[in-house]
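If you want the building blocks of each chain, they are given just below.
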Amino acid sequence: MAQILAIANQKGGVGKTTTAVNLSASLAAAEKRTLLVDMDPQANSCSGFGISKESDDLTVYHALLGEASARDILVHSNLEHLDVLPANPDLIGAEIELVSALAREIKLQGVLREISDDYDYVIIDCPPSLGLLTVNALTAADAVLIPLQCEYYAMEGLSQLMNTIRLIQGQINPRLTIRGIVLTMFDGRNNLSHQVSDEIRNHFPDKVFKTVIPRNVRLSEAPSHGLPVLLYDISSRGATAYLELAKEIIETGI
């Protein structure tokens, strides 16, 4: 049975998709059977593996609407142990089309049920919002991982996300846990990064990963080449950090 981990933060630009792509790649590099689910209409996780978001192929949109099965839309990545359920901008329509659907919050859960046993980890890249797509991801997940940028406004909105998680726990998915907060875009030369890191660790002493993701040029460059950073430059600080994060997740469990 796969461990299903949603990568969520309604604030954009915090390294959510970067984390989804590179954590998935790092788990696969550790020979863990991994599935990356792109639930963001921007489909940037697909771009991170060189998968076109402009094609007319079936995507997670069709699976959510019951027009295709998960196996119909699976794409094999350029890593041996990693598959992708792709998205494209059509996914924007799912927010509207599912509003009146019966059991609309559990559509993704149903999609994943048929294939989750084939994997050790399922990583879900959520959109930067707390809409129906994110609710579906949190309902399907065992745990949520929250990327948090080491900047002044980082904690704004965190309480809103926590409230949403509590609502999901109380009403739909009681097994959902907060797997942890991963600090991203950390600049060791910047006092503010250290201040934000210290404050987050003080507020959530048992919920912050030891691994910190640095601000790294190679991490920023890799998506433009359609590659996760460990295939683009495995010697970079960004690649090392995500390999360490994967190791921490594997060793500590959900």
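Provided above is the structure to which this section pertains.
In this text the structure is predicted, and so the values were computed from the model without any measurement.

Chemist: How would you explain the overall build of the protein if you had to name every residue and give the values?
Modeler: Helix and strand counts for the protein stand at 12 helices and 7 strands. Computed over C-alpha atoms, the radius of gyration of the protein comes to 17 Å, within 12% of the 18 Å expected from 2.2 N^0.38 for 254 residues, which places it in the range of a compact globule. Along the longest, intermediate and shortest principal axes, the C-alpha atoms of the protein span 50 × 40 × 30 Å. Across the 254 residues in the protein, those meeting the buried criterion constitute 53%. The long-range fraction of contacts in the protein, counting pairs at least 24 apart against all pairs at least 6 apart in sequence, stands at 77%. By element, 49% of the accessible surface of the protein is carried by carbon and sulfur atoms, the whole surface being about 11200 Å². Across the protein, the mean location of the 20 positive side-chain charges is 7 Å away from that of the 31 negative side-chain charges.

Chemist: Could you give an account of a negative patch on the surface, with specific residues and numbers?
Modeler: Negative charge collects at one region of the surface, where D56, D57, E67, D90 and E97 lie side by side. Mapped onto the secondary structure, E97 falls in helix 5 (residues 92-97). Accessibility expressed as a relative area gives 39% for E97, which makes it partly exposed.

Chemist: An account of the sheet that holds strand 2 (residues 34-38) is requested, with residue identities and associated values reported.
Modeler: Strand pairing in a sheet takes place through backbone hydrogen bonds and is either antiparallel or parallel in direction. Strand order in the open sheet formed by 7 strands is 3-4-2-5-1-6-7, and the pairing between neighbours is mixed. Because the sheet does not close on itself, it has two edges, and the strands there are strand 3 (75-76) and strand 7 (177-184). Inspection of the sheet shows strand 2 paired to strand 5 (residues 121-125) by 5 bridges, in the parallel sense. The residue of strand 5 that forms the bridge with D38 is D125. Packing against the sheet, helix 1 (residues 16-29) makes contact with strand 1 (3-7), strand 2, strand 4 (82-85), strand 5, strand 6 (143-149) and strand 7, and its axis sits at approximately 165° to strand 5. Along the sheet, helix 8 (residues 158-171) makes contact with strand 6 and strand 7, crossing strand 6 at roughly 175°.

Chemist: Can you break down the pairing of strand 2 residue by residue, with the values?
Modeler: The element strand 2 is extensively covered by neighbouring structure, given that 5 of its 5 residues are classed as buried. Burial along strand 2 is two-sided: T34, L36 and D38 and L35 and V37, pointing in opposite directions, are all buried. In this structure, strand 2 lies alongside strand 4, joined through 4 bridges in parallel fashion. Within the sheet, the bridge partner assigned to L35 lies in strand 4 and is D83.

Chemist: Could you give an account of the nonpolar core, naming the residues involved and the relevant values?
Modeler: Counting residues in each nonpolar core, the largest one holds 85 residues, and the members touching the most others are L23, V37, L64, L108, L112 and I124. In this view, I124 contacts I4, L5, A6, I7, V37, M39, L108, L112, A137 and A140; residues no more than four positions away in its chain are not counted.

Chemist: Please provide a residue-by-residue account of the packing of helix 1 against helix 12 (residues 237-252), values included.
Modeler: Put simply, helix 1 and helix 12 touch, their axes get as near as 8 Å, and they point 70° apart. The orientation of helix 1 relative to helix 12 falls into the category roughly perpendicular. Of the two elements, helix 1 crosses helix 12, and the hand of that crossing is right-handed. Two secondary-structure elements touch here, helix 1 through T18, T19, N22, L23, S26, L27 and A29 and helix 12 through Y242, L243, L245, A246, I249 and I250. Within the contact of helix 1 with helix 12, the residues separate by chemical class into 9 nonpolar, 4 polar and no charged.

Chemist: Now, about the pattern of salt bridges: what can you tell me, with residues and values included?
Modeler: As enumerated under the stated definition, the model contains 10 salt bridges in all. K16 is the partner of D40 in a salt bridge, and the nearest nitrogen-oxygen pair spans 3.8 Å. Here K16 lies in helix 1 and D40 lies in the loop between strand 2 and helix 2 (44-47), a separation of 24 residues in the sequence. In this structure K16 comes out as buried when scored by relative accessible area, which is 7%. With a closest N to O distance of 2.9 Å, E151 and R215 form a salt bridge.

Chemist: Summarise helix 1; cite the residues concerned and give the values.
Modeler: Between its terminal C-alpha atoms helix 1 stretches 20 Å, which fits the 20 Å expected from 14 residues at 1.5 Å a residue. Of all the 14 residues making up helix 1, 12 are buried; the element is thus mostly covered by neighbouring parts of the structure. E31 lies just past helix 1 and shows a positive phi near 65°.

Chemist: Tell me about helix 9 (residues 191-203), residues and numbers included.
Modeler: Between its first and last C-alpha atoms helix 9 spans 18 Å; for 13 residues at 1.5 Å apiece the expected length is 18 Å, and the two agree. Listed as buried for helix 9 are S193, V196, S197 and I200. For helix 9, the angular spread of the buried residues around the axis is 100°, confining them to a single face. Away from its buried face, by an angle of more than 90 degrees, helix 9 presents the exposed residues N191 and N202. As for helix 9, its buried residues are in contact with strand 6 and strand 7. The backbone nitrogen of L192 has a side-chain oxygen 2.8 Å away, supplied by the residue at the start of helix 9, namely N190.

What counts, and where the lines are drawn
- Residues numbered from 1 in each chain as written.
- Predicted model: local features only at pLDDT ≥ 70, side-chain atom pairs only at ≥ 80, totals over all residues.
- Heavy atoms only, no water.
- Helix = DSSP H or I, 4+ residues; strand = E, 2+ residues; numbered from the N terminus.
- Rg over C-alpha atoms; globule rule 2.2 N^0.38 Å.
- Buried < 20%, exposed > 50% of the residue type's maximum accessible area, 1.4 Å probe, protein only.
- Contact = heavy atoms within 4.5 Å.
- Areas by Shrake-Rupley, 256 points an atom, 1.4 Å probe, with all protein chains shown as cover.
- Lys, Arg positive; Asp, Glu negative; His and termini not counted.
- Charge placed at Lys NZ, Arg CZ, Asp CG, Glu CD.
- Patch = residues over 30% accessible without salt bridge, like charges linked within 9 Å, V, L, I, M, F, W, Y side chains within 5 Å.
- Salt bridge = Lys/Arg side-chain N within 4 Å of Asp/Glu carboxyl O.
- Pairing = 2+ DSSP bridges.
- Axes fitted to C-alpha atoms, helices over the stretch in contact; angles between N-to-C directions.
- Core = buried A, V, L, I, M, F, W, Y, C linked by side-chain atoms within 4.5 Å.
- Parallel < 35°, antiparallel > 145°, perpendicular 65-115°, else oblique.
- Left-handed = near helix turned anticlockwise from the far one by under 90°.
- Nonpolar A, V, L, I, M, F, W, Y, C, P; charged D, E, K, R; others polar.
- Expected span 1.5 Å × (residues − 1).
- Arc of directions from axis to C-beta.
- Polar contact = N/O pair within 3.5 Å; in protein donor to acceptor, adjacent residues only side chain to side chain.

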